[in-house]
Amino acid sequence: SQGSAALAWGGSSASSQSCSRAPCPSVPSRHGAGKAEDTFKTSPFHLDLWFYFTLQNWVLDFGRPIAMIILPLEWFPLNKPSAGDYFHMAYNVITPFLLLKLIERSPKTLPRSMVYVSIITFVMGASIHLVGDSVNHRLIFSGYQHHLSVRENPIIRNLKPETLIDSFELLYYYDEYLGHSMWYIPFFLILFIYFTGCFTPAAEQSRMPLAALLLVGPSSLYYWYLVTEGQIFILYIFTFFAMMALVMHQRRKGLVLDSNGLFLFLSFIITLLLIAAWVGWLWNDKILRKKYPGVIYIPEPWAFYTLHMNNLHAAKGSF
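Residues numbered from 1 in each chain as written. Predicted model: local features only at pLDDT ≥ 70, side-chain atom pairs only at ≥ 80, totals over all residues. Heavy atoms only, no water.

Undergrad: Residue-level account of the UniProt feature "transmembrane region" (unreviewed entry) in the protein, with values.
TA: What UniProt calls "transmembrane region" (unreviewed entry) maps, in this numbering, to residues 86–103, 115–132, 183–203, 210–226, 232–249 and 261–283. Span residues 232–249 is 94% helix and 0% strand, its end C-alpha atoms 26 Å apart. Between the C-alpha atoms that bound residues 261–283 the distance is 33 Å, and the span itself is 91% helix and 0% strand. (UniProt positions renumbered as here; feature names shortened; annotations may be inferred. Helix = DSSP H or I, 4+ residues; strand = E, 2+ residues; numbered from the N terminus.)

Have a look at this one:
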């Protein structure tokens, strides 16, 4: 009996040692490429996350310049941060948090290193944009016109010495190019990474609840603003084509989008239609055509505002 007990003890210790050297099949790897049950797990529609995500996008991003223009200038002097700047600071904290929570709820194990690097780059790019955008928008109070280039603006081209114009062009570069690139590339990359886990073999899971249908409109309209104001149509369209290719590839495997994937995909489709309508409406605008030359002509909403809406307000004020 003692011999058999020793054999049993030795067998159990050997198996425990083997498990310590290699991961046991019954224990899933937390940082692995994927779980065995990933394909068969589905997630309910994340109403709370998508609602908060859409709400803070509208309030903290789209509402930034509006708050700066509407609130009295005496509350936020031109040499101090504006209300829009505080909105931007909140956006730079809340948005990466919501993106991380969205990734956590994916039924599929996603590449975490790529997610972390994307989030870090996103925060850095959005912070660079915060500074450049703050100065550029506050120049509106001094007569800066967004539908004109930096050197064509009356308040800029008369600066002395002329090297100051180079400094404003550098500020514009940080705001419109470097800041936008480091902000939006990781943003869309994270959305696409999440989208790769939104597939299920269950056809009944490929339906959008009523709450999702109600959120599609505001979500799509915000993405329209993001693409047009950020001048990131190429990044957006490549992300959309990658989504379409992934959907067709997974369909051959018998997998369909779940409710969260459908919500994101439908938002991108409606966004494309809104962009086409926006471009068609302003197709013959000669002044905006001059600022946005080239094959891809997508005017910024704030350039349209400073060109047409400001003139309209001035005309009303004259009466």
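After presenting the structure, the write-up continues.
Undergrad: Can you lay out the packing of helix α3 (residues 83–104) against helix α4 (residues 112–138) for me, pointing to particular residues and giving the numbers?
TA: Relative placement of two packed helices is described by the angle separating their axes and the distance separating the axes. Between α3 and α4, the least distance of the axes is 10 Å, while the angle of their chain directions is 165 degrees. Put simply, α3 runs roughly antiparallel to α4. Both α3 and α4 take part in a crossing whose hand is right-handed. Here Asp-85, His-88, Met-89, Tyr-91, Asn-92, Thr-95, Pro-96, Leu-99, Leu-100 and Ile-103 of α3 come into contact with α4, specifically with Val-115, Ile-119, Phe-122, Val-123, Ala-126, Ser-127, His-129, Leu-130 and Ser-134. When the residues that make up the contact of α3 with α4 are grouped by side-chain class, the tally is twelve nonpolar, six polar and one charged. (Axes fitted to C-alpha atoms, helices over the stretch in contact; angles between N-to-C directions. Parallel < 35°, antiparallel > 145°, perpendicular 65-115°, else oblique. Left-handed = near helix turned anticlockwise from the far one by under 90°. Contact = heavy atoms within 4.5 Å. Nonpolar A, V, L, I, M, F, W, Y, C, P; charged D, E, K, R; others polar.)

Undergrad: Run through the pattern of salt bridges, naming residues and quoting values.
TA: Tallied over the full model, the rule gives eight salt bridges. Here Arg-64 and Asp-61 are joined by a salt bridge, their closest N and O atoms 2.9 Å apart. Of this pair, Arg-64 and Asp-61 both sit in helix α2 (residues 47–70), three residues apart, which is roughly one turn of the helix. As far as the burial class goes, Arg-64 and Asp-61 line up, both buried. Here Glu-152 ties to Lys-290 by a salt bridge, and the two come within 3.9 Å at their closest N and O atoms. One end of the pair, Glu-152, is in the loop between α4 and α5 (154–157); the other, Lys-290, is in helix α10 (residues 286–291), and 138 residues separate them in sequence. It is possible to trace a salt-bridge network through shared partners that takes in Asp-61, Arg-64 and Asp-133. (Salt bridge = Lys/Arg side-chain N within 4 Å of Asp/Glu carboxyl O. Buried < 20%, exposed > 50% of the residue type's maximum accessible area, 1.4 Å probe, protein only.)

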